[in-house]
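A structural walkthrough
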Amino acid sequence: MSTTALVTRGKLAASARPESQLAGSKDDFRSLERLTSINPSHRGSEFGGHHARWTSTASSSTAGFPLSLYPNTAGSRSLHSSRLDLASRSTSSSSGLLAGSEAGDVYYTRDGSRKVKSIGSLLGPREPNTTGVFKARCSKKEEHDIYSIKFSPNDDYLLYSLGNADIQVFSLRTNSVALTLSQKTQKPSLLNETLPCVCIAFKPELPTDKTHNIVTAAYADGRVMHWHYTTGQLLGTIDEGDNQINCIDYFPVDGSRFATVGSDCCVRIYDSSNLALIASLVDGRSKDVAGHSNRVFSVKFHPLDSNVVISAGWDNTIQIWDIRAERSVRSIYGPQVYGDALDFDITGENVLTGSYSREDNIQIWSFSTGELVDTIPWTLNENRDGGPTSPAAATNIPAPAPPGPAPATLVIEPKRTCMLYSAQFSRGSPTAGPHHIRTPLVPANRWIVAGGGGGGGSQSYYLNEVKMFSRATKRAIGMVQGFQHALFSVALSHSDRTMACGGGGKTLYLYDVDPMANQDFTY
């Protein structure tokens, strides 16, 4: 009798199906694909957080996932796998169960007969799934991870930074790369090692400015570079030494100041006109407000006060800094921020945080009081994200066996969630949008968009996905799921018409936003 193995994810650890049904169960294939994704470790890299080096969680023994063998209705055993790279790995030869073909797309049984073609061959390349307001527009494959994505002030361009320190200037009119901003030199201390461009920020423009179209980029090698992004000209450079910079932000009213944060726990404030250092913020005013004690990953200016900035990172605090006093004057304890996941609304009263945590990962805080205002649940569907699948399971009563020859065994998984790297309010603008599509009177901050991911293997309950929530209803109105790698950056255009995301998958994804689409779905 020919034999093959079945890799199980599920809540039902036993099943019985004819092989003809296995080949067509695309839902099972989608759920299994997340188990073998290559994802970052959130610690252990030379600059930490979402800059971690990548390792595959899959191994020659199918990444440590259990193999469950049981008969189907045809009396034989079937291989059920979800990825070509997983299917191409054979199980241990000492078991005598399987031998993988060198081509990786055909399985042979012990007697040498051809049995099952790989699922990758049957289904082809897998694209993320969209729900609600998101509609796939286009994607752009790169050779390096994507760390930061930002829309230009007029939404004509999208800029994104890469692991090789390049910045791509992507035209939203032609859906193609118009220009690449590339470093020509490396720091001698790095011994020819190129570190990523981690964050980019556009300088707000005023009619009186002599130079327009300026973007400022922060690099993990400690440099800050100012570019004219429509010509590719480098305008100026700041070197912060060994500080591995993680984030940069401008005062949004006039762009007169910008701030940087990184691995040395210091918040630096610069004058935009001459790139002079204004202040270095490290300490707090007391032992209860002592400043940051670990890496800082996000910084934001107060939208109305150029003397106030907030920052957050690994130490589970939001520090509120007064530039005039050159110290932290208050702090909020709670969120653990691992990326550009800190934002103000336009009033300056509400602070949004996206945490790298399994619970309470989207929260809104009062800036004036420091109290928690709201927590928006990432998911409302308990069945999808683990936990009891029925009232019987919740009360430890054995679940009844489903129809079929084999009894069902209930397996309660850990709750599945998304560990966030990026979160922001929607912007909105009275005249937002590309010059050929102007959108009048777009409401500000009506949505929240966030995304991220987590480890594979034993951490397979982490999901790589993007969701957008309505602040009014606190419900998701759109989501993109099924990414094979964590997403380091998510951005929404000023017109609220386009969403972009990217990360460890080395691919930029663009989605159109249709507010009139069906927003009634389970998640």
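What counts, and where the lines are drawn
Residues numbered from 1 in each chain as written. Predicted model: local features only at pLDDT ≥ 70, side-chain atom pairs only at ≥ 80, totals over all residues. Heavy atoms only, no water. Helix = DSSP H or I, 4+ residues; strand = E, 2+ residues; numbered from the N terminus. Buried < 20%, exposed > 50% of the residue type's maximum accessible area, 1.4 Å probe, protein only. Contact = heavy atoms within 4.5 Å. Areas by Shrake-Rupley, 256 points an atom, 1.4 Å probe, with all protein chains shown as cover. Pairing = 2+ DSSP bridges. Core = buried A, V, L, I, M, F, W, Y, C linked by side-chain atoms within 4.5 Å. Axes fitted to C-alpha atoms, helices over the stretch in contact; angles between N-to-C directions.

1. A word on the overall build of the chain
For the chain, the helix and strand inventory stands at five helices and 38 strands. Counting the 523 residues in the chain, one finds 55% classified as buried. At a minimum sequence separation of 6, the contacts of the chain that also span at least 24 residues come to 58%. When the accessible surface of the chain is totalled, it reaches about 21800 Å², and 50% of it is carbon and sulfur.

2. Some points on the pairing of strand β19 (residues 257–262)
Of all six residues making up β19, six are buried, and the element is well covered by its neighbours. Judged by which residues are buried, β19 turns out to be covered on both faces: Arg 257, Ala 259 and Val 261 on one side and Phe 258, Thr 260 and Gly 262 on the other are all buried. In terms of strand pairing, strand β18 (residues 245–250) meets β19 through five bridges, oriented antiparallel. By the bridge assignment, Asp 249 is partnered in β19 with Ala 259. Joining the antiparallel neighbours β18 and β19 is a turn of six residues, in which Gly 255 adopts a positive phi near 65 degrees.

3. What to know about the nonpolar core
Counting residues in hydrophobic clusters, the biggest one holds 29 residues, and the most contacted among them are Ile 310, Ile 318, Val 351 and Ile 362. When residues of this core are traced back to their parent elements, those giving at least two are β23 (308–313), β24 (317–322), β26 (342–344), β27 (350–354), β28 (362–366), β30 (420–425), β33 (447–452) and β35 (476–481). Filtering out sequence-adjacent residues up to four positions away, Ile 318 remains in contact with Ile 310, Ser 311, Ala 312, Arg 330, Ser 331, Ile 332, Pro 335, Leu 342, Val 351, Thr 353 and Trp 365. Ranked by size, the runner-up nonpolar core spans 24 residues in total, among them Tyr 250, Phe 258, Ile 269 and Leu 281.

4. Topic: the sheet that holds strand β21 (residues 277–281)
Spatially, β18-β19-β20-β21 is the arrangement adopted by the four strands of the open sheet, whose pairing is antiparallel. A single partner strand is all that each edge strand has here, and the edge strands are β18 and β21. Direction aside, neighbouring strands of the sheet carry axes that sit 20 degrees apart on average.

5. Some thoughts on the sheet that holds β24
With antiparallel pairing, four strands are arranged side by side in an open sheet as β22-β23-β24-β25. The open sheet has two free edges, formed respectively by β22 (296–301) and β25 (327–333), since each of these has just one partner strand. Averaged over neighbouring strand pairs, the angle between their axes works out to 25 degrees when direction is ignored. Here β24 runs beside β25; their pairing, made up of six bridges, is antiparallel. Across the sheet, Ile 318 pairs through a bridge with Ile 332, a residue of β25.

6. Focus on the pairing of strand β17 (residues 233–239)
Relative to β17, strand β16 (residues 223–228) runs antiparallel, the two sharing six bridges. Each residue of the ladder has a partner; that of His 228, found in β17, is Gln 233. Remark: four residues form the turn of the hairpin made by β16 and β17, two consecutive strands paired antiparallel; Gly 232 in that turn has positive phi of roughly 85 degrees.

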